[in-house]
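# Inside the fold
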Amino acid sequence: MRIAFAASECVPFAKTGGLADVVGALPRELVRLGHQVAVYLPLYTRVRKHLTGEPVYAIQSLTIPFRYYNRFAAIVDGGQHDGVQFYFVECPELFDRPELYGPRGGDYPDNAERFAVFCRAVLEASKQLGVPDVFHVHDWQAALIPIYLKTTYALDPALGGAATVLTIHNAGYQGAFPPATTEELLFPWDLFTMDKVEQFDRFNFLKGGIVFSDKLTTVSRKYAQEIQTAEFGEQLDGVLHNRAADLHGILNGVDYAHWNPASDGYLAAHYRSEELEGKQACRRDLLHAFGLEGVADATPVIGIVSRFATQKGFDLVAQIAAELMQRDVVVTALGTGEPIYESFFRDWAQRNPGKVAVQIRYDEALAHKIEAGADIFLMPSKYEPCGLNQIYSLKYGTVPVVRATGGLDDTIEEWNPGEGTGTGFKFEGYAADALLAALDRALTVFKDRFDWRRLMRNGMARDYSWAGPASEYAAVYRAATRGRRAS
Ligand code: ADP
Ligand code: GLC
């Protein structure tokens, strides 16, 4: 099958979170299964850095009409990488900016227009470069593609046969804009109704994508259930429930070529399940990177790598912050995002020198060092569609302490001391005492060297490679194209 991915992030070109890891890895695995895959990505400033020499244009100019003017986009040929063809949508006035979405976890005011240009350019480009059997679109930034296909392009003979699959990586980000967006993007006003794109008097990109895509997926089985409930649906539970028959939960895989302690190029030493010695060197290296010299071997190191967003549960950490300092632990945290969490971590570190250290930035190398050098990985998310860091942690023998939600619940099994089974520690309710209790269970087991090693090795033995999930996606693509042919 021919599949075109459209997404706002993809490693190694542009990343703020796990979406980039998924879009970087899944196409390669689909190619291995014999499919043809093209990935479309906006040509942000940081993507430009990956181009060697002058850009090679696959298409010189595409016209994207708006109400009072036209925008012009070009398609840069990003070449083939591991058999995957990359195309970058160039529109310098919209994408040549320092951030992907906006400053400090916020939004640029013209994001509706930016991602409308992206989506329409993907459709226009594919008419010249090859219409796929399936457009696989990711999150709200690409969700206009299925909307355009069923409205503006409904009668286009070239695009008519293409099916659409929308993957929801995070229902908390919907792309909701003022009603006037409807006419600015040249959509008819009858699109702006509750059963289509309208949601509380906003033009909601994600909702429209949910309504108009042939098939829907999200990134774990548990989250596929959760988003159909009022607690997790972010007000889209009704529309998601209506489409339950077309909604599939497919757990993300891991790219073990990038996330493997036996070969990870960012680490001070390598290790594997049968030969754990290197992990001690990684721990020393991590403590050094955070200026935490002289921590005793018996003191567990808690690691955090995260976007600092409300989703991630750091308000619970703030509630237990003082109490946790009574325990024999050190904390190393890496993240950026909402100012409130950045200042919480900064203050916590300032108050507890030698025990808590934080780096407020995005740093790929340090993220790997934390995965390898920490003993415990903390992820107390309020909700978590899949979560990749806890799965990376398993491979690195860094025991996850997580809230039992979404993909965290699907991937982490509570340690059972009697049986010696399980891979981490989980808590159910979104409550500070439950988080502290889970951490205390971890700290108790950490004191028993034998049990802790067993727990580490249980996690390291788990296999979350992409082969299985990629076949599940291929089955969804087949179902989506069958649906199109029948309609
Ligand atoms: P989300 O997509 O919600 O942010 P995931 O756990 O799926 O959560 O993925 C997060 C990804 O982003 C991981 O690869 C993680 O290592 C990376 N990451 C998050 N914050 C940072 C940071 N400050 N520096 C480096 N990598 C980060
Ligand atoms: C989102 C989710 C995260 C998931 C990632 C990749 O950003 O927050 O849980 O792992 O997408 O699917």
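These figures come from a predicted structure and were not determined experimentally. Once a new chain begins, its residue numbering starts again from 1 and follows that chain's sequence as written. The lettering of chains begins at A and the numbering of ligands begins at 1, in the order of writing. Confidence filtering applies because this is a predicted model: local features only for residues at pLDDT of at least 70, side-chain atom pairs given and counted only at 80 or more, and all residues used for totals across whole chains, interfaces and linings. In computing side-chain values, all of the structure's heavy atoms are included and hydrogens and water are not.

### Here's the deal with the overall build of the protein chain
Inclusion rule: Per the convention used, a helix needs a DSSP run of H or I reaching at least four residues, while a strand needs a run of E reaching at least two, with both numbered from the N terminus. Between the two quantities, the radius of gyration covers C-alpha atoms and the globule rule is 2.2 Å times the number of residues to the power 0.38. Only protein chains enter the accessibility calculation, which uses a 1.4 Å probe; a residue is then buried when its area is under 20% of its type maximum, exposed when over 50%, and partly exposed in between. Using a 1.4 Å probe, the Shrake-Rupley method yields the accessible areas, and only the shown protein chains count as cover for residues. For the charge count, each Lys or Arg is scored as positive and each Asp or Glu as negative, with His and the chain ends excluded. All charge positions are set by atom: Lys at NZ, Arg at CZ, Asp at CG, Glu at CD.
Each helix and strand in the protein chain was counted, giving 18 helices and 18 strands. For 487 residues, the compact-globule estimate of 2.2 N^0.38 gives 23 Å, and the protein chain sits close to it at 23 Å. If you line up the protein chain on its principal axes, its C-alpha atoms span 65 × 50 × 40 Å. By residue count, 60% of the 487 residues in the protein chain fall in the buried class. Surface summary for the protein chain: the accessible area is close to 18,900 Å², and the carbon and sulfur share equals 51%. Counting 49 positive and 60 negative side-chain charges, the protein chain places the averaged centre of each group 2 Å from the other.

### A word on the pattern of salt bridges
Selection criterion: Throughout this description, the term salt bridge denotes a Lys or Arg side-chain nitrogen within 4 Å of a carboxyl oxygen of Asp or Glu.
Counted by the stated rule, this structure contains 29 salt bridges. Of the charged contacts in the structure, one is a salt bridge between Arg67 and Glu183, with a shortest N-O distance of 3.1 Å. On the criterion of sequence distance, the pair formed by Arg67 in the loop between β3 (57-65) and β4 (70-81) and Glu183 in helix α6 (residues 181-184) is long-range, its members being 116 residues apart. Residue Arg67 is classed as partly exposed on the basis of its relative accessible area of 40%. Residue classification places Glu183 among the partly exposed positions, given a relative accessible area of 25%. A salt bridge links Asp363 to Arg361; the shortest N-O distance between them is 2.8 Å. A single salt-bridge network, built from bridges that share partners, covers Arg28, Asp82 and Asp255.

### A word on the sheet that holds β3
Stated formally: Here, a strand pair is defined by DSSP locating no fewer than two bridges between the strands. Here an angle of 0 to 180 degrees is reported between the N-to-C directions of two axes, which are lines fitted to C-alpha atoms, with helices fitted over the stretch in contact.
Spatially, nine strands are ordered β3-β4-β5-β2-β1-β6-β7-β11-β12 in an open sheet, and the strand pairing comes out mixed. Each edge of the sheet is formed by a strand with only one pairing partner; in this case those strands are β3 and β12 (247-249). Each adjacent strand pair in this sheet contributes to an overall mean axis angle of 25°, direction not counted. In this sheet, β4 lies alongside β3 in antiparallel orientation, the contact comprising six bridges. Paired with Thr63 across the bridge in β4 is Phe72.

### Some remarks on the domain arrangement of the protein chain
The test is simple: Either an automatic procedure or a domain database provided the assignment from which the domain bounds are taken. Any two residues whose heavy atoms approach within 4.5 Å are treated as being in contact. Two parts lose some accessible area (1.4 Å probe) when they are put together, and adding that loss for both gives the buried area.
Partitioning the protein chain into structural domains gives domain 1 (2-253 + 467-486) and domain 2 (277-460). Distance from the C-alpha centre of domain 1 to the C-alpha centre of domain 2: 33 Å. In this assembly, 22 residues from domain 1 lie in contact with 23 residues from domain 2. Together domain 1 and domain 2 conceal approximately 1,600 Å² of surface at their shared face, both sides included; 51% is due to carbon and sulfur atoms. Seen at the junction of domain 1 and domain 2, the total is one salt bridge.

### Examining the layout of surface pockets
Applicable threshold: Here a cavity means grid points, on a 1 Å grid over the protein atoms only, where a 1.4 Å probe fits yet cannot get out; a pocket means an open set of points with protein on both sides within 12 Å along at least five of seven lines; lining residues are those with an atom within 4 Å of a point. Grid points are joined across faces, edges and corners, and a volume is the space filled by probe spheres set on the points. Classification used: nonpolar for Ala, Val, Leu, Ile, Met, Phe, Trp, Tyr, Cys and Pro, charged for Asp, Glu, Lys and Arg, polar for all others including Gly.
Roughly 370 Å³ of internal volume is contained in the second largest pocket. What lines the second largest pocket is a set of 14 residues, and nearest its centre among them are Gln280, Asp297, Phe446, Arg449 and Arg453. Put simply, the parts of the chain that give the lining of the second largest pocket at least two residues each are α10 (277-289) and α17 (449-460). A class-by-class count of the residues in the lining of the second largest pocket yields five nonpolar, one polar and eight charged.

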